[in-house]
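Observations on chain architecture
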Amino acid sequence: MTLLFAQVTDTATKLIDTAKQVSQQLAAIPDEELHFGDLLIKGGWVMIPIGILAVLGLVIFFERFFTIRKASKDESHLMTQVRSSIMSGNLESAIAFCKNSNSPLGRMLQKGLLRIGRPIKDIEGAIENIGKLEVSKLEKNIGIIGIVAGIAPMFGFLGTIAGVIKIFYDISKTDNISMGVISGGLYVKMVTSAAGLFVGIIAYVCYHILNMMVDKVILKLETDAIEFIDLLEEPSK
């Protein structure tokens, strides 16, 4: 009985010593922190076009955003001034108000005022043509953001596929198929997919935000143009 107790005690002591040694070895291993910047660098050359697309999309978005917002400012005072000038028969004053406004609506109304005396259809056509030009100016380069939203994820997947190909090529050369080799390279290459998807999602949202803003401006311009035509037709009623 005493011999059995001694053997159990000796075994327990050895297990404790082994556990202490393992703990010391683990403590000696330096912790590897996952830094975002390091992952971007390890993503490879594909991160370069993804980064360029991200910068391009953001630059176009902010430039268009402020341009469209400026065009969508309230122009009710301009319509009031134009109405007052037309009712008093002072077309030169109305044209001056439109010219000084330096806005899409002002340019549309100015074109219509310069056509007064012609058939109403000609005036409507002139205003519509100027409106189309103004909308085209607002929509300038918005399509590029749509392209960024489409191809950024493709670049990300391309980087991942290229990384997987490289991993299996290295395995074929070294004959090392350990999980460390596979997973260690794969998680880095998947960074390109994550980056591409992130840029694509942001660009997609920005694209639709700008389109909604343009649609809102178009609706406002059409409403004001109809009000202007009605104003011109009032004396003939």
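All of these numbers come straight from a predicted model, not from anything done at the bench.

1. As for the overall build of the protein chain
Secondary structure assignment for the protein chain yields 9 helices and 0 strands. Residues classed as buried in the protein chain amount to 30% of the 237 residues present. Taking contacts inside the protein chain between residues at least 6 apart in sequence as the whole, the part at least 24 apart equals 79%. With an accessible surface of roughly 15300 Å², the protein chain has 66% of that area assigned to carbon and sulfur atoms.

2. Things to note about the nonpolar core
Ranked by size, the top nonpolar core spans 42 residues in total, and within it I68, V82, L109 and F228 carry the most contacts. Elements with a contribution of two residues or more to this core: helix 3 (47–71), helix 4 (76–87), helix 5 (91–101), helix 6 (104–114), helix 7 (120–138), helix 8 (142–174) and helix 9 (179–233). The biggest single contributor to this core is helix 9, with 14 residues.

3. Some thoughts on the layout of surface pockets
Any empty space left between the atoms is revealed when a probe the size of a water molecule rolls over them. Reported here for the largest pocket is a volume of approximately 280 Å³. What lines the largest pocket is a set of 13 residues, and nearest its centre among them are M108, E128, L221, E222 and A225. Among the secondary structure elements, those contributing two or more residues to the lining of the largest pocket are helix 7 and helix 9.

4. Brief notes about the packing of aromatic side chains
Tallied over the entire structure, the rule returns 3 aromatic pairs. A ring pair is formed by F65 and F66, whose centres lie 5.5 Å apart and whose planes are at 80°; its orientation type is edge-to-face. Looking at F66, the relative accessible area reads 46%, which means it is partly exposed.

5. Observations regarding unusual backbone geometry
Unusually for a residue other than glycine, N102 sits at a positive phi of about 50°. Along the chain, the position of N102 falls in the loop between helix 5 and helix 6. Phi is positive for N141, which is not a glycine, with a value near 70°. The topology assignment puts N141 in the loop between helix 7 and helix 8. By relative accessible area, N141 is classed as partly exposed at 33%.

6. Digging into the side chain of E134
Looking at the element boundaries, E134 is found in helix 7. When neighbours within four sequence positions are excluded, E134 is seen to be in contact with P104 and R107.

7. Side note on empty space enclosed by the protein
In this structure the tally under the stated criterion is 1 cavity of 30 Å³ or more. In this model, the largest cavity occupies a volume close to 50 Å³. Around the largest cavity sit A71, K73, E75, S103, P104, L105, V217, K220 and L221, which together line it. Of all the elements in the fold, those that place two or more residues in the lining of the largest cavity are helix 6 and helix 9. The greatest single-element share of the lining of the largest cavity, amounting to 3 residues, is contributed by helix 9. Considering only residue class, the lining of the largest cavity consists of 5 nonpolar, 1 polar and 3 charged.

8. Some thoughts on helix 6
For helix 6, the tally of buried residues reaches 8 of 11 residues, placing the bulk of the element in the interior. Every buried residue of helix 6 is accounted for by P104, L105, G106, M108, L109, Q110, G112 and L113.

9. Let's talk about a nonpolar patch on the surface
Nonpolar side chains collect at one region of the surface, where L58, F62, F66, F198 and I202 lie side by side and expose about 490 Å² of accessible area between them. Those elements giving two or more residues to the nonpolar patch turn out to be helix 3 and helix 9. Per-element accounting of the nonpolar patch gives the leading share, 3 residues, to helix 3. Counting through the fold element by element, I202 comes out in helix 9. Residue classification places I202 among the partly exposed residues on the basis of a relative accessible area of 35%.

The rules behind these values
The written sequence of each chain sets the order in which its residues are numbered from 1. Whole-chain, interface and lining totals are the exception, using all residues; otherwise, since this is a predicted model, local features are given only for residues with pLDDT of at least 70 and side-chain atom pairs are given and counted only at 80 or more. To get the side-chain values, take all heavy atoms of the structure and skip hydrogens and water. Numbering goes from the N terminus for both helices and strands, where a helix is a DSSP run of H or I of at least four residues and a strand is a run of E of at least two. Using a 1.4 Å probe on the protein chains alone, a residue whose accessible area is under 20% of its type maximum counts as buried, one over 50% counts as exposed, and one in between counts as partly exposed. Contact criterion: two residues are considered in contact whenever any of their non-hydrogen atoms come within 4.5 Å of each other. Only the protein chains shown count as covering a residue, and every accessible area follows the Shrake-Rupley method with a 1.4 Å probe. Within this scheme, the nonpolar core is defined by two criteria: the residues are buried Ala, Val, Leu, Ile, Met, Phe, Trp, Tyr or Cys, and they are joined through side-chain atoms within 4.5 Å. Cavity: a set of points on a 1 Å grid over the protein atoms alone where a 1.4 Å probe fits but cannot get out. Pocket: an open set with protein on both sides within 12 Å along at least five of seven lines, its lining residues, like those of a cavity, having an atom within 4 Å of a point. Grid points are joined across faces, edges and corners, and a volume is the space filled by probe spheres set on the points. When the centres of two rings from Phe, Tyr and Trp lie within 6.5 Å, Trp using its six-membered ring, the rings pair. Their planes under 30 degrees apart give stacked, over 60 give edge-to-face, and anything left gives tilted. Ten residues, namely Ala, Val, Leu, Ile, Met, Phe, Trp, Tyr, Cys and Pro, are considered nonpolar, four, namely Asp, Glu, Lys and Arg, are considered charged, and the remaining ones, Gly among them, are considered polar. Candidates for patches are residues over 30% relative accessible area with no salt bridge; among them, like charges are joined within 9 Å and nonpolar side chains (Val, Leu, Ile, Met, Phe, Trp, Tyr) within 5 Å. The term salt bridge refers to a side-chain nitrogen of Lys or Arg lying within 4 Å of a carboxyl oxygen of Asp or Glu.

All we've got here are geometric facts, nothing functional implied.
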